[in-house]
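Breakdown of the fold
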Amino acid sequence: PSSPASRALVPLPHRRLLSLSGPDAPKFLQGLITHNVDPSSTESFYAAFLDARGRCLWDVFVWVQTAPGEEWRCWIEVDGEEVDTLMKHLKRHKLRSKILLGVVDAERMSPMGVWACWDDSGDHNPKADSWLRKLQDSSRALSLMDPRAESMGMRILALDPSTFNNTAHDLLEFLPDTRQYHLRRYLLGIPEGPVEIPRESALPMECNIDLSNGIDFRKGCYVGQELTIRTKHTGVVRKRILPVQLYSENETIPEGQKAPVILAGAEIKQLDESGSVKKGRSAGKLIGNVGNVGLALCRLEMMTDMRVSAEGGSWKPGMEFSVKTGDEKNGVNDGLLKVRPFVSEWFKERERALWEKGRAK
């Protein structure tokens, strides 16, 4: 793909909202999600819904819209394809709770959208900074620094059509195409939505929801807590989602060459010294890609120099991995692309901090 934008304001039309309010709203949500719900707090946050087996159902942002002295209420932001399923899930757990639930219809979502913005150009625009500060203090929008990774920037929930005007678009380099947002996520190793976090099969810590500040390990009971806490206390998470580079023998995909077809879920295999695929279990699984930038669920001790257990892993410098390209269902097999994972320093620091905190307890 083209170089990622260093400064941007991007609408996220693939995200939808549910409204939750009522006297029992914080208590109701507290028993269903991984993050702590503090009724006295007005801070929005990132979290996940789990099933009883501790598998992910949905990754969400919870936008708290409560003024001091008012009844607690929020908006739950989820992938657009999952909004109706999440609504059914909430209704099923409602029972006698005094809450009000609603799905924000698509027509209203047009002016009341979710946006992402970032600026790591090193050339800060004072007017843009001033506009963002005013936005944070206004009643026209809710905002938070995206907690999932450093450099993800700010996430904004616009509450009325006047939130973003032509001035804001000019200041922040308005990009209507969400491709830049997804590319940024992939470069930082951030999964999102049901394709990258498969419902009822993905484990929250393998999807880095703990490293994304989406799990409070000190909170009380919630659906799926038992397995999550057990995994935390063992201190061993053998697989995690990482950013990966896809490349051919000459380290690139030549310009003008048609992008290879890569099926989500394709197995990543180790290559031997001759460049042939080794037999045995897979080293990971490709989740998705934007050009030669992708996300993959990687066995850490097999694909990286990270150690997550006392016995260590099989990784050695110079090891190479690959994934098949093509569409096997239609009899198309283009060949192999090599896969190189990346582990950033901030990722290692967060992972190490969580491990040491668990060990101290």
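Up top you'll find the structure we're talking about.
Residues numbered from 1 in each chain as written. Predicted model: local features only at pLDDT ≥ 70, side-chain atom pairs only at ≥ 80, totals over all residues. Heavy atoms only, no water.

**So, the pairing of strand E10 (residues 239-247)**
Where burial is concerned, most of E10 is hidden: eight out of the nine residues are buried. Direction of pairing for E10 relative to strand E13 (residues 293-299): antiparallel, over a ladder of seven bridges. For Gln-245, the partnering residue across the bridge sits in E13 and is Val-293. (Buried < 20%, exposed > 50% of the residue type's maximum accessible area, 1.4 Å probe, protein only. Helix = DSSP H or I, 4+ residues; strand = E, 2+ residues; numbered from the N terminus. Pairing = 2+ DSSP bridges.)

**Things to note about the pairing of strand E4 (residues 56-64)**
The two faces of the sheet receive side chains in turn, since in a regular strand these alternate between them. Within E4, nine of the nine residues are buried, leaving the element largely enclosed by the surrounding structure. Bridge count for strand E3 (residues 45-50) against E4 is six bridges, and the pairing is antiparallel. Directly across from Phe-49, in E4, lies its bridge partner Trp-58. Between E3 and E4, which pair antiparallel and follow one another directly, the connecting turn spans five residues, one of which, Gly-54, has a positive phi of 85 degrees. Relative to strand E5 (residues 73-79), E4 runs antiparallel, the two sharing four bridges.

**Section: the packing of aromatic side chains**
Considering all chains together, one arrives at three aromatic pairs under this definition. Aromatic side chains Tyr-46 and Phe-61 sit 5.2 Å apart centroid to centroid with 50 degrees between the ring planes, which places their arrangement in the tilted category. A residue pair is termed long-range when its members are at least 10 positions apart, and Tyr-46 in strand E3 and Phe-61 in strand E4 qualify at 15 residues. Residue Tyr-46 is classed as buried on the basis of its relative accessible area, which comes to 2%. Since its relative accessible area comes to 1%, Phe-61 is described here as buried. For the ring pair Phe-49 and Trp-58, a centre distance of 6.0 Å and an interplane angle of 80 degrees mean the geometry is edge-to-face. You can call Phe-49 buried: its relative accessible area is 0%. The ring of Tyr-46 is capped by Arg-148, whose NZ or CZ atom sits 5.8 Å from the centre of that ring. Residue placement shows Arg-340 over the ring face of Tyr-247; its charged tip is 4.3 Å from the ring centre. (Phe/Tyr/Trp six-rings, centres within 6.5 Å; stacked < 30°, edge-to-face > 60°. Lys NZ or Arg CZ within 6 Å of the ring centre and 35° of its normal.)

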